[in-house]
Amino acid sequence: MTQQRKIILQESEIPTHWYNIMADMPNKPLPPLHPGTHQPIGPEDLAPLFPMELIKQEVSTDKWIEIPEEVRDIYTLWRPTPMYRAYGLEKALGTKSKIYYKYEGVSPAGSHKPNTAVPQAYYNMKEGVKKIATETGAGQWGSALSFACKLFGIECEVFMVKVSYEGKPYRKVMMNTWGGTVHASPSSLTHAGKTILAKDPQSPGSLGIAISEAVEVAATNNDTKYSLGSVLNHVLMHQTIIGLEALKQLEKAGDYPDIVVAPFGGGSNFAGIAFPFLQNNLTGGKKIRAIAVEPTSCPKLTRGEFRYDFGDTVGMTPLIPMYTLGHNFIPSPIHAGGLRYHGAGAIVSQLLKDGIIEANAINQTECFEAGLLFSGSEGIIPAPEATHAIAEVIRQAKQADEEGVSKTILFNLCGHGHFDLSAYENYLAGKIKDYEVSKDEISASLAELDTPAI
Ligand SMILES: *Cc1c(COP(=O)(O)O)cnc(C)c1O
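Since we're looking at a predicted model, the values are computed, not measured.

About the thresholds
Residues numbered from 1 in each chain as written. Predicted model: local features only at pLDDT ≥ 70, side-chain atom pairs only at ≥ 80, totals over all residues. Heavy atoms only, no water. Buried < 20%, exposed > 50% of the residue type's maximum accessible area, 1.4 Å probe, protein only. Helix = DSSP H or I, 4+ residues; strand = E, 2+ residues; numbered from the N terminus. Pairing = 2+ DSSP bridges. Right-handed = clockwise from strand over helix to strand, strands pointing away. Salt bridge = Lys/Arg side-chain N within 4 Å of Asp/Glu carboxyl O. Contact = heavy atoms within 4.5 Å. Axes fitted to C-alpha atoms, helices over the stretch in contact; angles between N-to-C directions.

Asks: Could you clarify how one ought to interpret the pairing of strand E10 (residues 259-263) in this entry?
Replies: Both faces of the sheet carry side chains from a regular strand, because those side chains alternate between them. Buried residues dominate E10, accounting for 5 of its 5 residues. Bridging between E10 and strand E11 (residues 289-295) involves 5 bridges; their strand directions are parallel. Across the sheet, Ile259 pairs through a bridge with Arg289, a residue of E11. This β-α-β element, E10 to helix H13 (residues 268-282) to E11, shows right-handed connectivity. Of the pairings in the sheet, the one linking E10 to strand E15 (residues 408-413) comprises 3 bridges and is parallel in character. When the sheet's bridge partners are listed, Ile259 is paired in E15 with Ile409.

Asks: Looking at this model, I keep getting lost on the pattern of salt bridges. Mind explaining?
Replies: All chains considered together, the criterion is met by 13 salt bridges. Where Lys252 meets Glu13, a salt bridge forms, and the shortest distance between an N and an O atom there is 3.0 Å. One end of the pair, Lys252, is in helix H12 (residues 240-252); the other, Glu13, is in the loop between strand E1 (6-7) and strand E2 (17-19), with 239 residues separating them in the sequence. Judged by its relative accessible area of 48%, Lys252 falls in the partly exposed class.

Asks: Is there a simple way to think about the sheet that holds strand E4 (residues 83-85) in this case?
Replies: Within a sheet, neighbouring strands are paired by backbone hydrogen bonds and run either parallel or antiparallel to one another. Read across the open sheet, the 7 strands follow the order E1-E4-E5-E15-E10-E11-E14; overall the sheet is mixed. Where the open sheet ends on each side, the last strands, each with one partner, are E1 and strand E14 (358-362). Bridge analysis of E1 against E4 gives 2 bridges, and the strand direction is antiparallel. Counted as the bridge partner of Lys6 is Tyr84 from E4. This element, H12, spans E1, E4, strand E5 (98-103) and E15 of the sheet and lies at about 135 degrees to E5. The strands touched by H13 are E5, E10, E11 and E15; relative to E10, the strand with the most contacts, the crossing angle is about 160 degrees.

Structure, rendered in structure tokens:
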């Protein structure tokens, strides 16, 4: 053995605080607005949906927020997660660049999602909440929250986007195994679901619709709160545990990235790996380029509009200042289910607007091709979402080679693809096609919005 492949930390090195990038942003995000009055909302408006501690975190500008002892203790079930130097991929590409990846697929649910599911369930438990309602796209968030709720004795009710419910039956069984109840969304259990079904009985569902259903259940039941797996400030902050560990690991390897890459759904795993490095960008330290990668079928960052929009389809959530394709936009049924969301979190949207982060959109065939090259050189079969980061890393490494330079590239391997094998089956059978949204489709969806422009 000549080269060290794995860079690992001890349990005692798990960070004690999450990093809140709000403290260092040159322009803070605009405030969320009330869906009815369009006035800025206060903590009391969110109280029916979230426990007070999470509301405080949502609006906090404190730079560091302590991770509760009980949460750190549960984190040790899978954290610290390993970082790998991708020698196999580097060799397969014949690149002079160095590639590292942080692997979040070692968590019980197989993705980064438990990093926030556990603290969210914990704060709900502390405030006496009996049940949490939520949505899930590809099933990853629903499994993570079912797992976390089980640990704290809370009931978990999940609205799962119908195409995924039908395409990924084992994700549902996983949620059931951890005690979660799962409904295909749109369902006839809520007013929101019935409204959608009345318009389109064949609706494949979307994250936006499933959020409406879960919010409705929480808003109309006293003992039930709502929980979101991405987009919101506190969710992004919980995920910074990824980047904070990565900083320590790269320090051990004596390295620092030029480029940090992650796939982008609502922004949580991207924020998780990139924000702790961007802290240095924003405070006069070493600079990285942070690149968020979205699918061409759902290109809110690269082709959406920066304006106020709802987080859900029916218009029940607060209005968030975000890059959006419009809350009625229903993305094509690509295989990266976790990236099929019409909008982006307020913090990541502001950072993109201010040129502090970059975004790119890639077609799914290029992503699957990258996923196959990765699994064939590094072993791990990546989640279809994660292949978007890998495809971008390959582009960056090739470009560096063409320019005759060597870059250090870090990416987030946010999950494994063991529940996405039907997607790989389709790819191997040559059945995967690319979806590029037309200009007209995007303008038509945005034209329907009567939410405030910015
Ligand atoms: C949920 C999910 C995503 C997308 O959500 P983000 O909040 O943007 O991270 C990406 N990859 C995996 C594996 C996921 O589970």
